[in-house]
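Examination of the molecular architecture
Spelled out, the chains give:
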Amino acid sequence: GNDQDQDDAVENKDTPHYKLMVLLEQELPEASRRETIDELADRFCTNHGSNSKSRKRLYKTLFLVPRTRLDLLPYWSRFAAV
């Protein structure tokens, strides 16, 4: 809901949750090179891989590829494979 968005906006930028949000919502959609995807996947695994909530958030993001951005599918499937 809307309350969640406001909470996220106020959140400290150094928290793992905030960093995960930036990685999934800003960096992942902009990544269009295999090297970048590998780096993001590595960062996700290193920083968030052991957290089941983070992994669940990743699944939701990957499965909700915007229909207008089907060009991302090969990159996102690479991310998932890593």
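Look up: the structure comes first, before these words.
Model, not experiment: these values are computed from the prediction.

Time to look at the nonpolar core. Residues Leu28 and Phe79 are the most contacted members of the largest nonpolar core, which totals 15 residues. Mapped onto this core, the elements with two or more residues apiece are helix 2 (16-30), helix 3 (34-48), helix 4 (52-63) and helix 5 (73-81). If sequence neighbours within four positions are ignored, phenylalanine 79 has contacts with Leu23, Leu28, Ile37, Leu40, Ala41, Phe44, Leu58 and Leu62.

We now examine the pattern of salt bridges. Under the criterion given, the structure shown has 6 salt bridges. Here arginine 57 and glutamate 25 are joined by a salt bridge, their closest N and O atoms 2.9 Å apart. Here the residue arginine 57 occupies a position in helix 4, and glutamate 25 occupies one in helix 2, the gap between them amounting to 32 residues. Judged by its relative accessible area of 25%, arginine 57 is partly exposed. In this structure, arginine 33 and glutamate 35 form a salt bridge, with 3.5 Å as the shortest nitrogen-oxygen distance.

The next thing to look at is helix 2. Given 3.6 residues to a turn, an α-helix orients residues that are three or four positions apart in the same direction. Helix length check: helix 2 (15 residues) gives 20 Å between terminal C-alpha atoms against 21 Å at 1.5 Å per residue, within 8%. Along its length, helix 2 reaches its greatest deviation from straightness, about 35 degrees, at leucine 23. Every buried residue of helix 2 is listed here: Tyr18, Leu20, Met21, Val22, Leu23, Leu24, Leu28 and Pro29.

The rules behind these values
Residues numbered from 1 in each chain as written. Predicted model: local features only at pLDDT ≥ 70, side-chain atom pairs only at ≥ 80, totals over all residues. Heavy atoms only, no water. Core = buried A, V, L, I, M, F, W, Y, C linked by side-chain atoms within 4.5 Å. Buried < 20%, exposed > 50% of the residue type's maximum accessible area, 1.4 Å probe, protein only. Helix = DSSP H or I, 4+ residues; strand = E, 2+ residues; numbered from the N terminus. Contact = heavy atoms within 4.5 Å. Salt bridge = Lys/Arg side-chain N within 4 Å of Asp/Glu carboxyl O. Expected span 1.5 Å × (residues − 1). Bend = angle between axes of the 7 residues up to and from the residue.

Geometric values such as these leave the question of function open.
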